[in-house]
Amino acid sequence: MTTDALADRRLAVIDLGSNSFRLVVFASADAWWRRTDEVYEAVRIGEGLAASGLLGEAGMWRALAAMEVFAHFCSAAGLTQGEIDAVATSAIRDARNAGEFLDRARRATGLPIRVLSQDEEARYGYLVAVNSTPLADGAVVDLGGGSMQMVRVGGRHARELASWPLGAVRMTERFLPGDGPAKGKQLKALRAHVARELRSAPWVAQGGRLVGIGGTVRNLGAAAQRAAGLPEFGVQGHRIDGGALGVLVERLAELPPSQRASVPGIKPARADLILAGAVVLQTVLAEGGFEALEVTEAGLREGVFFERLLESRDEPLFHDVRRASVLNLAARYGQHPDANPHVRHVADLALALFDDLAAVGLHGGDASERELLWAACVLHDVGMAVDYDDHHKHSRYLILNAGLPGFDQRELALIGQAVRYHRKGLPELGPFAPLAIAGDDARLERMALLLRLAEDLERSRDQAVRAARVAVDDGRVRLSLEADEDVRVARWAAGRETDLFARAFGRDLEIA
């Protein structure tokens, strides 16, 4: 039975944005949550709003058509009114004829619609960032079609927030109209305008870590990945530095809007808006003194969902984003350590070996490496949901493609490769080498070896080996097993890892 069949809660979040309308369905139970469906339509309801102050008739008709599809979808899926939350943002909020459009939408679809205030929209962006990245201190920027919100974060709490009419649709119409390449004076005027607006919030200039939200941010992340020749498995956790963003802006500005989708990674539906969005974000980096823009794939709809999912807490925040991310993925495939003794015991054995080997001086005991090892242990068998054969490869696929919000792409690659080599083969970074930093080859060998040893000691899946202890004797590493019964299966399995152990730690391994 799939996790979807076991879900006891559903929520359909409808995000009525200035550029696009999106419906996302979430399912959840006590130990896990996931997106189960999504419907997207680029309606451009904010088109022409900056000049007229009104929603245009063509944009409203496109929007109503999309909402009617959403309403039929919700009805077919059996979603009740209490399971649907439709939220409208900048364009509908600011338009003088918003009431007319909302009345028409409610009559045509029966959908409940909340028009978010600027503060509410900014708060949802904040909830997205702190629940999908390790952001504790810094800022969040949420760039939509009509507006841009920023939130200053301190100790994982929102401290300051502001909103400006600097969305990609508005800025394109005002500063970059026409069908030709962008002119230098147009870009200069746009940058100057954004800089002036940002000065109304002096706290922006405090810099620090910056997390970006929205379709423009995600699309620029994908283009930056392509330009850098990095492996692609989503953009979650990718960091776009000022130099990379500057190169993209220059390349996009040289092309007319109709040809900007020729830049690898740029989506055709955003090609005419992407340059203005990129310049706005470039100016945020410059004015705030931020080194880079960290991408999250989550959006406003996740913020709305997190508020509901975590409503029993004082604030709707995961206590530890990285841990919650790993346990959520494990639970979705029946591998949560609280419900699976094998997974829990493999993690306990591997971490104990990690600590013992650090204590005798065979490695540095780096806390971040230990956390990555724990994640690999918890997730090493999620691929069993596909099939036992090659489940180590299936596990890596699920880890990379389902993603682990809170981990950057280098860390995700290390977890995935450690899991990939938890059964056999010589661990290597392979296609993920461009993401690596100094020492990652050795780090991966240690992680894969310790996961493999722990799996070997728990080969019979009965926790017969209660514990394993490490000692160094005359240059050799002695592994002593604690058990109350015959453990010849564990000794046999672990005995196959002596070559890999010597490769990882430079010592011979003896199993006592």
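Not measured: the values here are computed from a predicted model.

Remarks on the packing of aromatic side chains
For the coordinates displayed, the defined rule picks out eight aromatic pairs. Plain terms: the ring middles of phenylalanine 305 and phenylalanine 306 are 6.0 Å apart, the flat faces sit at 50° to each other, and that makes the pair tilted. Each ring, one from phenylalanine 306 and one from phenylalanine 318, has its centre 5.6 Å from the other, and the planes form 80°; the classification is edge-to-face. Of the two residues, phenylalanine 306 sits in helix 12 (residues 300-309) while phenylalanine 318 sits in the loop between helix 12 and helix 13 (321-332), which places them 12 residues apart along the sequence. Considered together, phenylalanine 306 and phenylalanine 318 belong to a single accessibility category, that of buried residues. The side chain of arginine 104 reaches across the aromatic face of tryptophan 61, ending 5.3 Å from its centre.

Some remarks on the sheet that holds strand 14 (residues 509-511)
The mixed open sheet is built from three strands, whose spatial order is 12-13-14. With partners counted over all chains shown, the strands left at the sheet margins are strand 12 (465-473) and strand 14, one partner each. Averaged over all pairs of adjacent strands, the angle between strand axes in this sheet comes to 25°, irrespective of strand direction. Here eight bridges tie strand 12 to strand 13 (residues 476-483), and the two strands are oriented antiparallel to one another.

Structural notes on the pairing of strand 2 (residues 21-28)
In regular strands, side chains alternate between the two faces of the sheet. Among the eight residues that make up strand 2, eight are buried, leaving the element largely enclosed by the rest of the structure. Relative to strand 2, strand 1 (residues 9-16) runs antiparallel, the two sharing eight bridges. Within the sheet, the bridge partner assigned to leucine 16 lies in strand 2 and is phenylalanine 21. Counted between consecutive antiparallel strands, the loop separating strand 1 from strand 2 contains four residues. As defined by bridge partners, strand 2 adjoins strand 3 (residues 33-41) across eight bridges and the pair is classed as antiparallel. Across the sheet, leucine 23 pairs through a bridge with valine 39, a residue of strand 3. Counting the residues between successive antiparallel strands, the hairpin from strand 2 to strand 3 contains four residues.

Structural notes on empty space enclosed by the protein
Under the defined criterion, the tally for this structure stands at two cavities of 30 Å³ or more. Of the voids in this model, the largest cavity is the one considered here, and its volume is about 330 Å³. Every residue lining the largest cavity is counted, 26 residues in all, and those nearest its centre are Asp15, Leu143, Gly144, Gly145 and Gly215. Elements supplying a minimum of two residues to the lining of the largest cavity: strand 6 (138-143), helix 9 (215-228) and helix 12. At three residues, helix 9 tops the list of elements feeding residues into the lining of the largest cavity. Reported here for the second largest cavity is a volume of approximately 40 Å³. Ser18, Gly46, Leu49, Ala91, Gly145, Gly146, Val169 and Arg170 together form the lining of the second largest cavity.

Procedures and definitions
- Residues numbered from 1 in each chain as written.
- Predicted model: local features only at pLDDT ≥ 70, side-chain atom pairs only at ≥ 80, totals over all residues.
- Heavy atoms only, no water.
- Phe/Tyr/Trp six-rings, centres within 6.5 Å; stacked < 30°, edge-to-face > 60°.
- Helix = DSSP H or I, 4+ residues; strand = E, 2+ residues; numbered from the N terminus.
- Buried < 20%, exposed > 50% of the residue type's maximum accessible area, 1.4 Å probe, protein only.
- Lys NZ or Arg CZ within 6 Å of the ring centre and 35° of its normal.
- Pairing = 2+ DSSP bridges.
- Axes fitted to C-alpha atoms, helices over the stretch in contact; angles between N-to-C directions.
- 1 Å grid on protein atoms, 1.4 Å probe; cavity = no way out; pocket = protein on both sides within 12 Å on 5 of 7 lines; lining within 4 Å.
- Points joined across faces, edges and corners; volume = space filled by probe spheres on them.

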